[in-house]
Amino acid sequence: MSAVFDQALEKGACCERLSPEEAFSLIEAVTPDRLHQLGAAALANRRKRFGLRATYVFNLQINPANICGSGCTFCNYAASRNAPHAYVLEEAEIFDRIERLCPTEAHIVGGLNTIWPYARNLSLVRELRRKFPDLHIKCYTAVEIAYFAKTSGLSESDVLDQLKDAGMDAMPGGGAEIFSDRLYQQHWKNKTRPEDWVRIHQLAHAKGIVTNATMLFGFGDTWPERITHLLILRQAQDQSGGFSCFIPLPFQPGAGHFVEKGPTPLETLTVLAASRLILDNIPHLKSYWPMTGLATCAAGLSWGADDLDGTIGKERIAHLAGAATPVGLAREKMIELTQMAGFIPAERDGAFAIREKIS
Ligand code: V47
Ligand code: SF4
């Protein structure tokens, strides 16, 4: 084993910053022995930060419409207007779901379309804030912010100001994909470039809007590209400081996709562990059950993750791409999943503050 890898694990286990060389040495974790050493270092790191606590939020994902013509190759969620799985939600349905379920957080993202243009989304946020003053509204990816700006003639800065003023609390981490120009050209060249995604998040941070970050992996990307993505995020966070959570998204191959199988559970756990060790300045790491599967999600808590996202209600992006997980989980199931993995569940709010400790 290389001395650099050894040193990376030693520093990572103590929550110290890895040098770029140490970060890239994590790629050596390919033999069972090294993998388990990496996992142990990530567990030590998360225990230093959070003990054995694992959080979830009572949330609802709301996707107003899935109509989108961006043509990202990996996406099974988007539909053309007349496709059989195209749908459009009306405001009344959205308000009704929130009224019935009273979630702590609403996570709102849709596709790029003219049925739900910027003005309608802005009114939705304003109306949600009026009707549900305590709801944590996490809404619109950087890709949507760029699209709203382009289609409304406003600047991205104005769009963010208006959304914040209307009631937006935070931005989700979608649309980052993986910071690789090679993959950008192949898979999502009609939407936001990696550097623009980072720029829009930093713009949000400067306005006091906290955001999440994601990384899509297992669709033809390489380990050096993954480590590069993590280092770019770490550098951005050093500058603007507004990322609160990182969520690695294992690719769901769906029907007729270009990669037959998504990442194995062990690969997903390895990505979680490497993320925990490299992202010393992003507080939270999410093991996202709709895409990892329930068993891997729970195991992720031992590989660096401290959060399981939430109950979600009705998840569409992973499920339209063939994910075999349930479409939503009850609070009891979140608690059971956490306890079965040997961790202590706690319900949190949208800003990661603990609402209820569960013994
Ligand atoms: O940007 C699309 C990804 C993202 C597939 O911020 C796919 O709390 C896997 O960002 N296989 C949207 N992934 C979801 C997202 C998210 C999810 C949960 C929590 C948060 C948060 C953010 O889903 C897209 C894209 O990278 N995606 N298709 C697929 N076939
Ligand atoms: Fe549209 Fe987003 Fe799907 Fe790309 S990932 S096709 S932008 S909905």
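For the structure itself, consult the block above.
Notes on the structure follow. (Residues numbered from 1 in each chain as written. Chains lettered and ligands numbered in written order. Predicted model: local features only at pLDDT ≥ 70, side-chain atom pairs only at ≥ 80, totals over all residues. Heavy atoms only, no water.)

### Here's the deal with the site of ligand 1
Here comes step 1: Every one of the 23 residues lining ligand 1 counts as a neighbour, but Lys138, Gly173, Gly175, Glu177 and Gln252 are closest to it.
Here comes step 2: Between ligand 1 and Gly174 there is a distance of 3.2 Å, counted from an oxygen atom to a backbone nitrogen or oxygen.
Here comes step 3: A distance of 2.7 Å separates an oxygen atom of ligand 1 from a polar backbone atom of Gly175.
Here comes step 4: Contact with the protein chains removes 95% of the 620 Å² of surface that ligand 1 exposes when unbound.
Here comes step 5: Put simply, ligand 1 lies in the largest pocket.
Here comes step 6: Here the residues of the shell around ligand 1 sort into 12 nonpolar, 7 polar and 4 charged. (Near = heavy atom within 4 Å. Polar contact = N/O pair within 3.5 Å; in protein donor to acceptor, adjacent residues only side chain to side chain. Areas by Shrake-Rupley, 256 points an atom, 1.4 Å probe, with all protein chains shown as cover. 1 Å grid on protein atoms, 1.4 Å probe; cavity = no way out; pocket = protein on both sides within 12 Å on 5 of 7 lines; lining within 4 Å. Sits in = over half its atoms within 2 Å of the grid points. Nonpolar A, V, L, I, M, F, W, Y, C, P; charged D, E, K, R; others polar.)

### Quick notes on the layout of surface pockets
Here comes step 1: Roughly 770 Å³ of volume is contained in the largest pocket.
Here comes step 2: If you go around the largest pocket, you meet 41 residues; those closest to its centre are Gly174, Gly175, Glu177, Leu249 and Ile317.
Here comes step 3: Counting only elements with at least two residues in the lining of the largest pocket, the list comes to helix 6 (142-152), strand 6 (210-217) and strand 7 (243-250).
Here comes step 4: Here the lining of the largest pocket is composed, by residue class, of 20 nonpolar, 14 polar and 7 charged.
Here comes step 5: Considering only enclosed or pocket space, the second largest pocket measures out at about 170 Å³ in volume.
Here comes step 6: Looking at the second largest pocket, the residues that line it are Gly69, Ser70, Leu112, Val143, Ala146, Tyr147, Lys150, Asn190, Lys191 and Thr192. (Points joined across faces, edges and corners; volume = space filled by probe spheres on them. Helix = DSSP H or I, 4+ residues; strand = E, 2+ residues; numbered from the N terminus.)

### Some thoughts on the packing of helix 6 against helix 9 (residues 194-206)
Here comes step 1: Following both chains from N to C, one finds helix 6 and helix 9 inclined at 85 degrees, their axes separated by 9 Å at the closest point. Here helix 6 lies roughly perpendicular to helix 9, going by the angle between them. Contact residues: helix 6 offers Ala142, Ile145 and Ala146, while helix 9 offers Trp197, Ile200 and His201.
Here comes step 2: Residues that form the contact of helix 6 with helix 9 fall into these classes: 5 nonpolar, 1 polar and no charged. (Axes fitted to C-alpha atoms, helices over the stretch in contact; angles between N-to-C directions. Parallel < 35°, antiparallel > 145°, perpendicular 65-115°, else oblique. Contact = heavy atoms within 4.5 Å.)

### Here we look at the site of ligand 2
Here comes step 1: Every residue lining ligand 2 is accounted for by Cys68, Ser70, Gly71, Cys72, Phe74, Cys75, Tyr77, Ala78 and Lys191.
Here comes step 2: Given that more than half its atoms are within 2 Å of the pocket grid, ligand 2 belongs to the largest pocket.
Here comes step 3: Each residue belonging to the shell around ligand 2 can be placed in one class, and the counts come to 6 nonpolar, 2 polar and 1 charged.

### Concerning empty space enclosed by the protein
Here comes step 1: Here the structure, examined in full by the defined rule, presents 1 cavity of 30 Å³ or more.
Here comes step 2: Of the pockets and cavities examined, the largest cavity occupies roughly 60 Å³.
Here comes step 3: Every residue lining the largest cavity is listed: Pro64, Ala65, Gly110, Gly111, Asn113, Trp116, Asn121, Tyr140, Glu144 and Phe148.
Here comes step 4: Residues belonging to the lining of the largest cavity are distributed by class as follows: 5 nonpolar, 4 polar and 1 charged.

### Overview of the packing of aromatic side chains
Working definition: an aromatic ring pair is given by the centre-to-centre distance plus the angle between the planes.
Here comes step 1: Using the criterion set out here, one finds 9 aromatic pairs in the structure.
Here comes step 2: Look at Phe179 and Trp197: their rings are 5.7 Å apart centre to centre, the planes differ by 50 degrees, and that puts the pair in the tilted class. One end of the pair, Phe179, is in the loop between strand 5 (170-171) and helix 8 (181-187); the other, Trp197, is in helix 9, and 18 residues separate them in sequence.
Here comes step 3: Given a relative accessible area of 0%, Trp197 falls into the buried group.
Here comes step 4: The structure contains a cluster of three or more aromatic residues connected by ring pairs, namely Phe74, Tyr184, Trp188, Phe219, Phe251 and Phe258.
Here comes step 5: Above the plane of the ring of Tyr87 lies Arg316, whose end atom (NZ or CZ) is 4.1 Å from the centre. (Phe/Tyr/Trp six-rings, centres within 6.5 Å; stacked < 30°, edge-to-face > 60°. Buried < 20%, exposed > 50% of the residue type's maximum accessible area, 1.4 Å probe, protein only. Lys NZ or Arg CZ within 6 Å of the ring centre and 35° of its normal.)

### Quick word on the pattern of salt bridges
Here comes step 1: Within this structure, the stated rule accounts for 24 salt bridges.
Here comes step 2: The partner of Arg100 in a salt bridge is Asp96, and the shortest N-O contact between them spans 3.2 Å. One end of the pair, Arg100, and the other, Asp96, are both in helix 4 (residues 91-101), 4 residues apart, so they sit about a helical turn from each other. (Salt bridge = Lys/Arg side-chain N within 4 Å of Asp/Glu carboxyl O.)

### A look at the pairing of strand 4 (residues 136-139)
Here comes step 1: Of the two faces of strand 4, the one carrying His136 and Lys138 and the one carrying Ile137 and Cys139 are both buried.
Here comes step 2: For strand 3 (residues 105-108) and strand 4, the ladder comprises 4 bridges, and the chain directions are parallel. The residue bridging His107 from the neighbouring strand is Lys138, located in strand 4. (Pairing = 2+ DSSP bridges.)

### Section: helix 9
Here comes step 1: For helix 9, with 13 residues, the first-to-last C-alpha span of 19 Å sits near the 18 Å given by 1.5 Å per residue.
Here comes step 2: Buried within helix 9 are the following residues: Pro194, Trp197, Val198, Ile200, His201, Gln202, Ala204 and His205.
Here comes step 3: Positive phi appears at Gly208, one or two residues downstream of helix 9, with a value of about 85 degrees. (Expected span 1.5 Å × (residues − 1).)

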